[in-house]
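Residue-level structure breakdown
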Amino acid sequence: MPKTVGILTGGGDCPGLNAVIRAVVRRAIPLGYDMIGILEGWRGALENNMERLNLDKVSGIIYRGGTILRTSRTNPLKRPNGLSIIKENLQINGIDFLVAIGGDDTQRVSDSLFQDGVPVVGVPKTIDNDLQGTDYCFGFDTAVSIATEAIDRLHSTAEAHNRVMVVEVMGRDTGWIAVASGMAGGADMILIPERPVDLHEVCRVLRKRHGRGKYFSIVVVAEGVKLPEAEKPADAGQPTDEFGHVRLGGVGDALAHEIEKRTGFETRVVTLGHVQRGGSPTAFDRILATRFGVAAMNLILEHNFGKMVALKGNEIVAIPLSEATKEPRRVTPELYDTAAVFFGSG
Ligand code: F6P
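Predicted, not measured: the structure shown is a model, and the values here were computed from it.

**Quick notes on the packing of helix α6 (residues 176-185) against helix α11 (residues 333-340)**
Running from N to C, α6 and α11 point in directions that differ by 35°, and their axes come no closer than 10 Å. Judged by the sense of rotation from one axis to the other, the crossing of α6 with α11 is left-handed. For the pair α6 and α11, contact is made by Trp176, Val179 and Met183 and by Leu335, Tyr336, Thr338 and Ala339, respectively. Across the contact of α6 with α11, the residue classes break down as six nonpolar, one polar and no charged.

Put into structure tokens, the structure is as follows:
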């Protein structure tokens with residue numbers, strides 16, 4: 001009997017998911033494995049919504065964004081008997097091994113299934129780039145490229161109108177996208193969740209820059225930043241998902257309001273939102289996703305379960321799922337302090 005590998009994508013989508021799916025399938029099928037795609041993340045595992053994958057189904061998808069398996073933020077740990085239902089559905093479909101592509105929420109479920117006897121391996125995914133144990137998640141490079149291009153474009157319109165332009169980027173708990181795109185785009189100020197925000201200092205830096213004859217500034221802010229001094233919390237009254245995450249978005253508006261009120265500089269805000277997750281992955285992300293996919297299948301061949309593939313330096317390694325799901329990996333002080341050299345100094 002050929003062995004069967006199930007594969008799913010969970011959590012928010014991310015450019016490069018299709019490249020991972022393609023890599024796992026292209027590695028597995030020539031070795032005699034059958035492949036089953038579990039649709040819409042853990043929802044498909046709970047509701048027995050699956051379909052057979054073959055080489056044709058993964059043809060021509062390496063450059064496509066989104067995920068051919070679709071995804072959801074379904075949390076089986078919140079459902080009565082969620083793990084047992086999943087185990088039963090895996091058995092009904094003859095799935096021997098599972099590849100779960102997702103961020104910390106998805107991998108926490110993978111780890112629980114592994115503890116419960118399911119042979120599972122994880123692949124790290126999040127544009128936020130904040131999973132522990134890996135230097136990079138695929139999707140991050142694409143998000144940074146999109147945000148950098150947006151900042152480049154916003155420069156000319158900001159300059160033409162003598163405006164401060166606040167650019168809100170994704171980053172729930174960490175400011176990786178903000179720091180990387182802000183550095184690449186030459187931002188005058190970058191605000192991230194890892195550093196408390198001092199609005200007085202932000203405005204001082206902007207005034208200093210404008211005082212030297214500059215007519216405009218670019219401020220990049222991660223969506224997860226808290227502004228304790230602002231008039232109204234950005235996420236007040238927003239719904240939460242099944243993993244308990246509040247829907248973010250709005251800190252840019254609050255920040256722009258405060259900057260204009262305190263400095264008198266005309267200020268506009270641009271929230272990049274899901275544009276950062278859409279469209280084709282960069283070459284870097286396609287390559288990383290492909291390496292992760294092949295490495296995940298190699299772990300299955302070695303029967304090395306309960307692990308997540310990860311990038312360390314330029315090597316692909318395997319780390320325990322329990323390590324990957326610890327608290328988010330934060331922006332290093334060295335990186336932020338390097339970015340800060342350019343705040344108001346140009
Ligand atoms: O977790 C990745 C992420 O892109 C966060 O940066 C963002 O807060 C969240 O997903 C948005 O999720 P959704 O697609 O559910 O709105």
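**Digging into the environment of Lys326**
Among the structural elements, Lys326 can be located in the loop between α10 (321-324) and α11. In the structure, Lys326 is positioned 222 residues away from Asp104 in sequence and 8.0 Å away in space, judged by C-alpha atoms. Among residues more than four places away in sequence, those in contact with Lys326 are Arg108 and Gln132.

**With respect to the nonpolar core**
Judged by nonpolar contacts, the single largest core of 83 residues is most densely connected at Val99, Phe138 and Ile218. Built from parts of two domains, this core gets at least three residues from each of domain 1 (4-138 + 281-324) and domain 2 (144-276). Counting 25 residues, the second largest nonpolar core, distinct from the first, contains Trp42, Met50, Val109 and Ala324.

**Looking at the sheet that holds strand β2 (residues 34-38)**
Here seven strands make up an open sheet; going across it, the order is β3-β2-β1-β4-β5-β10-β11 and the pairing mixed. Strand pairing shows two members of the sheet lacking a second neighbour, β3 (50-53) and β11 (315-320), which therefore form its edges. For this sheet, the mean angle separating the axes of adjacent strands, direction not counted, is 30°. Bridge count for strand β10 (residues 307-312) against β11 is six bridges, and the pairing is antiparallel. In the strand pairing of β11, Lys312 is matched with Glu315.

**Topic: the site of the ligand**
Looking at the ligand, the residues that line it are Arg73, Ile127, Asp128, Met170, Gly171, Arg172, Glu223, His274 and Arg277. Side-chain polar atom of His274 to an oxygen atom of the ligand: 3.0 Å apart, as the coordinates give it. Contact between the ligand and Arg277: an oxygen atom at 2.7 Å from a side-chain N or O atom of the residue. Taken by itself the ligand offers 400 Å² of open surface, and the protein chains cover 77% of this. Of all the cavities here, the one that holds the ligand is the largest pocket. In terms of residue class, the shell around the ligand is made up of two nonpolar, two polar and five charged. Among the domains, domain 1 (4-138 + 281-324) and domain 2 (144-276) are the pair contributing at least three residues each to the shell around the ligand.

**Digging into unusual backbone geometry**
One non-glycine residue with positive phi stands out, namely Arg70, at about 55°. Note on placement: Arg70 falls in the loop between β3 and α3 (82-92). Accessibility expressed as a relative area gives 41% for Arg70, which makes it partly exposed. You will see that Asn81, though not glycine, has its phi angle at about 55°, which is positive. If you trace the backbone, Asn81 turns up in the loop between β3 and α3. Relative accessible area serves as the criterion here: at 58%, Asn81 is assigned to the exposed category.

**Topic: the domain arrangement of the protein chain**
You can read the domains of the protein chain as domain 1 (4-138 + 281-324) and domain 2 (144-276). Here domain 1 and domain 2 have C-alpha centroids that lie 33 Å from each other. Listed by partner, the interface residues are 13 residues for domain 1 and 13 residues for domain 2. A combined buried area of about 1200 Å² lies between domain 1 and domain 2, and 51% of that area is made up of carbon and sulfur atoms. Per-residue buried area on domain 1 facing domain 2 is highest for Asp105, Ile127 and Asp128; these three make up 42% of the total on that side. Our enumeration of links across domain 1 and domain 2 arrives at two salt bridges. Here Arg79 makes a salt bridge to Glu242, at a shortest N to O gap of 2.6 Å. Our count for the contact surface shared by domain 1 and domain 2 stands at six residue pairs in polar contact (both at pLDDT 80 or more). In the side of domain 1 that touches domain 2, the residues fall into three nonpolar, four polar and six charged.

**Concerning the sheet that holds strand β9 (residues 267-271)**
Backbone-to-backbone hydrogen bonds pair the strands of a sheet. The strands run either parallel or antiparallel. Read from one edge of the open sheet, four strands run β7-β8-β6-β9, paired in parallel fashion. In this open sheet, the two edge strands, each paired with only one partner strand, are β7 (189-191) and β9. Across the sheet, the mean angle separating the axes of adjacent strands is 20° when strand polarity is ignored.

Definitions and cut-offs
Residues numbered from 1 in each chain as written. Predicted model: local features only at pLDDT ≥ 70, side-chain atom pairs only at ≥ 80, totals over all residues. Heavy atoms only, no water. Axes fitted to C-alpha atoms, helices over the stretch in contact; angles between N-to-C directions. Helix = DSSP H or I, 4+ residues; strand = E, 2+ residues; numbered from the N terminus. Left-handed = near helix turned anticlockwise from the far one by under 90°. Contact = heavy atoms within 4.5 Å. Nonpolar A, V, L, I, M, F, W, Y, C, P; charged D, E, K, R; others polar. Core = buried A, V, L, I, M, F, W, Y, C linked by side-chain atoms within 4.5 Å. Buried < 20%, exposed > 50% of the residue type's maximum accessible area, 1.4 Å probe, protein only. Domains from an automatic or database assignment. Pairing = 2+ DSSP bridges. Near = heavy atom within 4 Å. Polar contact = N/O pair within 3.5 Å; in protein donor to acceptor, adjacent residues only side chain to side chain. Areas by Shrake-Rupley, 256 points an atom, 1.4 Å probe, with all protein chains shown as cover. 1 Å grid on protein atoms, 1.4 Å probe; cavity = no way out; pocket = protein on both sides within 12 Å on 5 of 7 lines; lining within 4 Å. Sits in = over half its atoms within 2 Å of the grid points. Buried area = accessible area lost by both parts, 1.4 Å probe. Salt bridge = Lys/Arg side-chain N within 4 Å of Asp/Glu carboxyl O.

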